Amino acid sequence: MPTVYDRHFNQVRNIARHLHNHYHIAANELLFLSSFIINLVLGRLIHWTAPQEEVYNYYTDKRNILNQLFVKNGWAWTTIVIVVFYVSILTQSRPRKSKVIREAVIRYAVITMWWILFTQWCFGLPIMDRIFVLTGGKCVVEDPGRHVKLFANLGNGKSVSSTISSYNCKRIKGSSWEGGHDPSGHVFLLIHSSLYLFLETAEYWPGWGALINSISSVVHNHEKTIIEKLKQLAILGVKIHPQLLVIGMISFWWFMLLTTNIYFHSIAEKLVGMVYGYLGIVVVYFVPRIFRQQSQIGKN
Ligand SMILES: CCCCC/C=C\C/C=C\C/C=C\C/C=C\CCCC(=O)SCCNC(=O)CCNC(=O)[C@H](O)C(C)(C)COP(=O)(O)O
Ligand SMILES: Nc1ncnc2c1ncn2[C@@H]1O[C@H](COP(=O)(O)O)[C@@H](OP(=O)(O)O)[C@H]1O
């Protein structure tokens, strides 16, 4: 006689099966994808319900080291983590190494291309700047300096440009990026990077049990000093279970996304950053599943 728990468990399992069969998405993937929407809602709730949070603090300062060193170089850090991950996984004797490397490099190249197109360069201005300019945004400065050719002088001591990139505009002293819809580059980058790391490494997931056992065998080894334990944990997280490094990076990106969601940009600008963050990932990891299933059906 099945208990109420068995019934609930079966219901959850049926929903997961349905998602997998009809939408080609696993329940844990859906949960992870939704976590960024939860992050946005949580950020807004903190913003509305805790006004004292809005008072100047470490995270409201754009110059804080976490922003300047990590997020502002976010794609470089994500690249380092994925390279360390693959080097570690491939040195732990895996079959079909060259195929694994070839496919990982192709996916990395496509995903990097999408990051470049959205934030750096898209046959001129990157997509995020094009959206800003197309919706009436302009770079306003007093002295355009060496970028003078890109600016029109308004005659009131100010010059405007809609052809300079946000990157170059921000580097001009006293500039402001005015009007228009300015999609959040941070929201894009943090979601894009987290999803990439999650989906790219999912195939090698050893299970929470294995990770927790490995960590606890280091932590509970009473013959080792704290320093030795920390060293062993670092080796564990890089060489044996590089998934720990990935979990660390994703958790940090999630936290930085929360601070962006609390303090920066309008909701609409964050939502646009979010949609573009999902887009490249959906094309690389989910759309191929539909074609793969169709070709499978064709063969049967
Ligand atoms: C041995 C096994 C190998 C298997 C490896 C698998 C995959 C990896 C494949 C290849 C990688 C190998 C080498 C890669 C070499 C070079 C890649 C270059 C890496 C870089 O990304 S360099 C550029 C770093 N730049 C950044 O990270 C900048 C990020 N910042 C931004 O995008 C913006 O500042 C912003 C969007 C965060 C915010 O913009 P604003 O609003 O502030 O304007
Ligand atoms: N989590 C965070 N911590 C600190 N600064 C952040 C941040 N999220 C966004 N910002 C800052 O807010 C501005 C808009 O970000 P974005 O458009 O990428 O979302 C950027 O300013 P700067 O470009 O002047 O550095 C960025 O550095």
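Criteria and thresholds
- Residues numbered from 1 in each chain as written.
- Chains lettered and ligands numbered in written order.
- Predicted model: local features only at pLDDT ≥ 70, side-chain atom pairs only at ≥ 80, totals over all residues.
- Heavy atoms only, no water.
- Near = heavy atom within 4 Å.
- Polar contact = N/O pair within 3.5 Å; in protein donor to acceptor, adjacent residues only side chain to side chain.
- Areas by Shrake-Rupley, 256 points an atom, 1.4 Å probe, with all protein chains shown as cover.
- Helix = DSSP H or I, 4+ residues; strand = E, 2+ residues; numbered from the N terminus.
- 1 Å grid on protein atoms, 1.4 Å probe; cavity = no way out; pocket = protein on both sides within 12 Å on 5 of 7 lines; lining within 4 Å.
- Sits in = over half its atoms within 2 Å of the grid points.
- Nonpolar A, V, L, I, M, F, W, Y, C, P; charged D, E, K, R; others polar.
- Axes fitted to C-alpha atoms, helices over the stretch in contact; angles between N-to-C directions.
- Parallel < 35°, antiparallel > 145°, perpendicular 65-115°, else oblique.
- Left-handed = near helix turned anticlockwise from the far one by under 90°.
- Contact = heavy atoms within 4.5 Å.
- Pairing = 2+ DSSP bridges.
- Salt bridge = Lys/Arg side-chain N within 4 Å of Asp/Glu carboxyl O.
- Buried < 20%, exposed > 50% of the residue type's maximum accessible area, 1.4 Å probe, protein only.
- UniProt positions renumbered as here; feature names shortened; annotations may be inferred.

1. Focus: the site of ligand 1
- As a structural note, the neighbourhood of ligand 1 is formed by 20 residues, with Lys72, Asn73, Trp75, Ala76 and Trp115 the closest of them.
- The separation between an oxygen atom of ligand 1 and a polar main-chain atom of glycine 74 is 3.4 Å.
- For ligand 1, whose unbound accessible area comes to 1100 Å², protein coverage reaches 69%.
- Within the residue set of the shell around ligand 1, elements represented by two or more residues are helix H4 (74-91), helix H5 (97-120) and helix H8 (185-201).
- Tallying contributions element by element places H4 first for the shell around ligand 1, with eight residues.

2. Comments concerning the site of ligand 2
- Close contacts around ligand 2 come from 14 residues, with Ser184, His186, Thr259, Thr260 and His265 the closest.
- Between ligand 2 and lysine 72, the relevant distance is 2.9 Å, taken from an oxygen atom to a side-chain nitrogen or oxygen of the residue.
- Threonine 259 is positioned such that a nitrogen or oxygen atom in its side chain is 2.8 Å from a nitrogen atom of ligand 2.
- Of the pockets mapped on this structure, ligand 2 occupies the largest pocket.
- Of all the elements in the fold, those that place two or more residues in the shell around ligand 2 are H8 and helix H11 (243-263).
- When residues in the shell around ligand 2 are grouped by element, the largest group, three residues, is from H11.
- Of the residues contributing to the shell around ligand 2, the split by class is three nonpolar, eight polar and three charged.

3. Thoughts on the packing of H4 against H11
- The contact between H4 and H11 brings their axes to 9 Å, and the two run at 165 degrees. Relative to H11, the element H4 lies roughly antiparallel. In this structure, H4 crosses over H11, and the sense of that crossing is left-handed. Counting all contacts with H4, which are made through Gly74, Trp77, Thr78, Val81, Val84, Phe85 and Ile89, the residues of H11 involved are Gln243, Leu245, Val246, Met249 and Trp253.
- Across the contact of H4 with H11, the residue classes break down as nine nonpolar, three polar and no charged.

4. As for the sheet that holds strand E4 (residues 176-178)
- Across the sheet, four strands lie side by side as E2-E3-E1-E4; this open sheet has antiparallel pairing. The sheet is open, and its two borders are formed by strand E2 (152-153) and E4, each paired with just one other strand.
- The pairing of strand E1 (residues 138-141) with strand E3 (residues 159-161) spans three bridges and is classified as antiparallel. From the neighbouring strand, cysteine 139 faces E3, where its bridge partner is serine 161.

5. Observations concerning the pattern of salt bridges
- This structure, assessed with the given rule, holds four salt bridges.
- Between lysine 99 and glutamate 103 there is a salt bridge; the shortest N-O distance is 3.2 Å. Highlighted residues: lysine 99 and glutamate 103, both in helix H5, separated by four residues, approximately one helical turn.
- Between arginine 107 and glutamate 200 there is a salt bridge whose closest N-O contact spans 2.8 Å. You can see arginine 107 sitting in helix H5 and its partner glutamate 200 sitting in helix H8, a full 93 residues away along the chain.
- In this structure arginine 107 comes out as partly exposed when scored by relative accessible area, which is 24%.

6. Here we look at the UniProt feature "active site" (unreviewed entry) in the protein chain
- Mapped onto this numbering, the UniProt entry gives "active site" (unreviewed entry) at His186 and His265. Taken together, the annotated residues stretch across 80 residues yet fold into one region, lying no more than 10.0 Å apart by C-alpha. Lining the largest pocket, from this annotated set, are His186 and His265.
- Tracing the backbone shows histidine 186 in helix H8.
- Apart from the residues lying within four places of it in its own chain, the contact partners of histidine 186 are Asn67, Val71, Lys72 and Thr260.
- Inspection of the secondary structure assignment puts histidine 265 in the loop between H11 and helix H12 (267-299).
- Taking the relative accessible area as the measure of exposure, histidine 265 reaches 33% and is therefore partly exposed.
- In this structure, histidine 265 is in contact with Arg44, Asp182, Pro183, Ser184 and Lys270, ignoring residues within four places of it in sequence.

7. Regarding the environment of glutamine 293
- By the element assignment, glutamine 293 lies in helix H12.
- Taking the C-alpha atoms as reference points, glutamine 293 and histidine 24, separated by 269 residues in sequence, lie 8.8 Å from one another.
- Non-local contacts of glutamine 293, meaning those with residues more than four positions away in its chain, are made with Asn21 and His24.

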